Amino acid sequence: MGNESSKLTSYFLLILLIVIWGVSWPIYKNGVNFMPPLLFAGARAFIGGFILLIFALKIRYLLKFKENWRFYCISAVLNMVLYLGIQTIGIIYLPGGLFSVIVYFQPVLLGIMAWYFLGEEMTILKIIGLILGFIGIVFVSIDGLIVHVSAIGVTLALATALVWASGVIYVKKNKTRVHPFWMVVMQLVIGGSTLLVSGLVTENVHDIVWNVELISSIIWGAIAGMSIAQVIYFKLMNEGEASKVGAFTFIVPILSVIVSAIFLKESITFNLFLGMLLVGVSIYLVNRPPKKLSIY
């Protein structure tokens, strides 16, 4: 019974995470129109980290900053400074939905890296599933890929995917050395403050246009996109197989497209339907109990 309850909780958290991320891409794409990218990314991360810090103070004895500062700093660089920084600059060059689709090559990279660095089992079916998932995401965005190709945007999106996968592997590999909640808190605080300082040095604060859209984007990003989503994501990653959790995140860009179809009156095409079908098959194959077809 306890195991079933734990599974239900994990699925609920996965659904919540997918919904938060799915609606976040268009929100961030809109918010960065009113604030320079590094300042925008830093504000979301730092405020989100500060919110979590208030709760983390109850377990401050687990921080052990002198012993663990290297882990906190490396995690902050990978998961915040590089990931958020590259991502926020990249969505300037591509439509938000298209950029998110390319970023979601990450589950494929994550599955390979989890096998190589963490020793997670890799089967033929899992490899096929991850590849089908990404093909499905390509179908979802096929029209945008044809019309909106930007070499800089595509490069930044792929770099975002690589940094994201590397950051997840690093946190999961060190989960027994550092308290997982403090890892999330410190990467947000350290990474957010680094991005803010970088933005203050390299960007013009006078370019900020304070309005309801920007403020609401920052509030959403700090509370839902950073605080809640980061805690859920790394909790799921630390408790389960990285490749399996990663496969479910293929749903995020599909949700982004559906949200755009509903609120921006964009049409739901055959390519979207086919992409959703492939992602469904992908999730099934990656999560299917392994038989004797293991390659490792």
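See above for the structure.
A quick note: this is a predicted structure, and the numbers were derived from the prediction, not measured. (Residues numbered from 1 in each chain as written. Predicted model: local features only at pLDDT ≥ 70, side-chain atom pairs only at ≥ 80, totals over all residues. Heavy atoms only, no water.)

1. Quick word on the overall build of the protein chain
Looking only at helices and strands, the protein chain features 13 helices and zero strands. Ordered by position from the N terminus, the helices and strands of the protein chain form the series α-α-α-α-α-α-α-α-α-α-α-α-α. For the protein chain, buried positions account for 50% of its 296 residues. By sequence separation, contacts in the protein chain at least 24 residues apart represent 91% of the contacts at least 6 residues apart. (Helix = DSSP H or I, 4+ residues; strand = E, 2+ residues; numbered from the N terminus. Buried < 20%, exposed > 50% of the residue type's maximum accessible area, 1.4 Å probe, protein only. Contact = heavy atoms within 4.5 Å.)

2. Quick look at the side chain of Asn68
With respect to the helices and strands, the residue Asn68 is situated in helix H3 (residues 65–90). In contact with Asn68, other than residues within four places in its own chain, are Leu63, Arg177 and Val178.

3. Structural notes on the packing of aromatic side chains
Inspection of the entire model under this criterion finds nine aromatic pairs. Here the aromatic cluster, defined as three or more aromatic residues joined through ring pairs, consists of Trp21, Tyr83, Trp164, Tyr233 and Phe234. Stacked on the ring of Tyr28, the Lys or Arg Arg44 has its end atom at 3.8 Å from the ring centre. (Phe/Tyr/Trp six-rings, centres within 6.5 Å; stacked < 30°, edge-to-face > 60°. Lys NZ or Arg CZ within 6 Å of the ring centre and 35° of its normal.)

4. What to know about the packing of H3 against helix H8 (residues 151–173)
Geometry of a packed helix pair, given as the angle between the helix axes and the separation of the axes. One way to put it is that H3 packs onto H8 with a least axis distance of 9 Å and a crossing angle of 160°. In this view, H3 runs roughly antiparallel relative to H8, as classed from their interaxial angle. Remark: the crossing between H3 and H8 carries left-handed chirality. Residues Arg70, Phe71, Ile74, Ser75, Leu78, Asn79, Leu82, Tyr83, Ile86, Gln87, Ile89 and Gly90 of H3 pack against Leu156, Ala159, Thr160, Val163, Trp164, Ser166, Gly167, Val168, Tyr170 and Val171 of H8. Looking at the contact of H3 with H8, its residues break down into 14 nonpolar, seven polar and one charged. (Axes fitted to C-alpha atoms, helices over the stretch in contact; angles between N-to-C directions. Parallel < 35°, antiparallel > 145°, perpendicular 65-115°, else oblique. Left-handed = near helix turned anticlockwise from the far one by under 90°. Nonpolar A, V, L, I, M, F, W, Y, C, P; charged D, E, K, R; others polar.)

5. Some thoughts on a nonpolar patch on the surface
On the surface, Phe12, Leu16, Trp210, Ile215, Ile219, Ile223 and Ile228 cluster together into a nonpolar patch covering about 680 Å² of accessible area. Every element with two or more residues in the nonpolar patch is listed here: helix H1 (2–31) and helix H10 (212–239). No other element matches H10, which puts four residues into the nonpolar patch. Of the residues examined, Ile215 reaches a relative accessible area of 41% and is grouped as partly exposed. (Patch = residues over 30% accessible without salt bridge, like charges linked within 9 Å, V, L, I, M, F, W, Y side chains within 5 Å. Areas by Shrake-Rupley, 256 points an atom, 1.4 Å probe, with all protein chains shown as cover. Salt bridge = Lys/Arg side-chain N within 4 Å of Asp/Glu carboxyl O.)

6. Re the nonpolar core
Residues Trp21, Met35, Tyr72, Leu84, Leu110, Trp164 and Tyr233 are the most contacted members of the largest nonpolar core, which totals 83 residues. The greatest single-element share of this core, amounting to ten residues, is contributed by H10. Other than its neighbours up to four places away in sequence, Trp164 contacts Trp21, Asn79, Tyr83, Val103, Tyr104, Gln106 and Tyr233. (Core = buried A, V, L, I, M, F, W, Y, C linked by side-chain atoms within 4.5 Å.)

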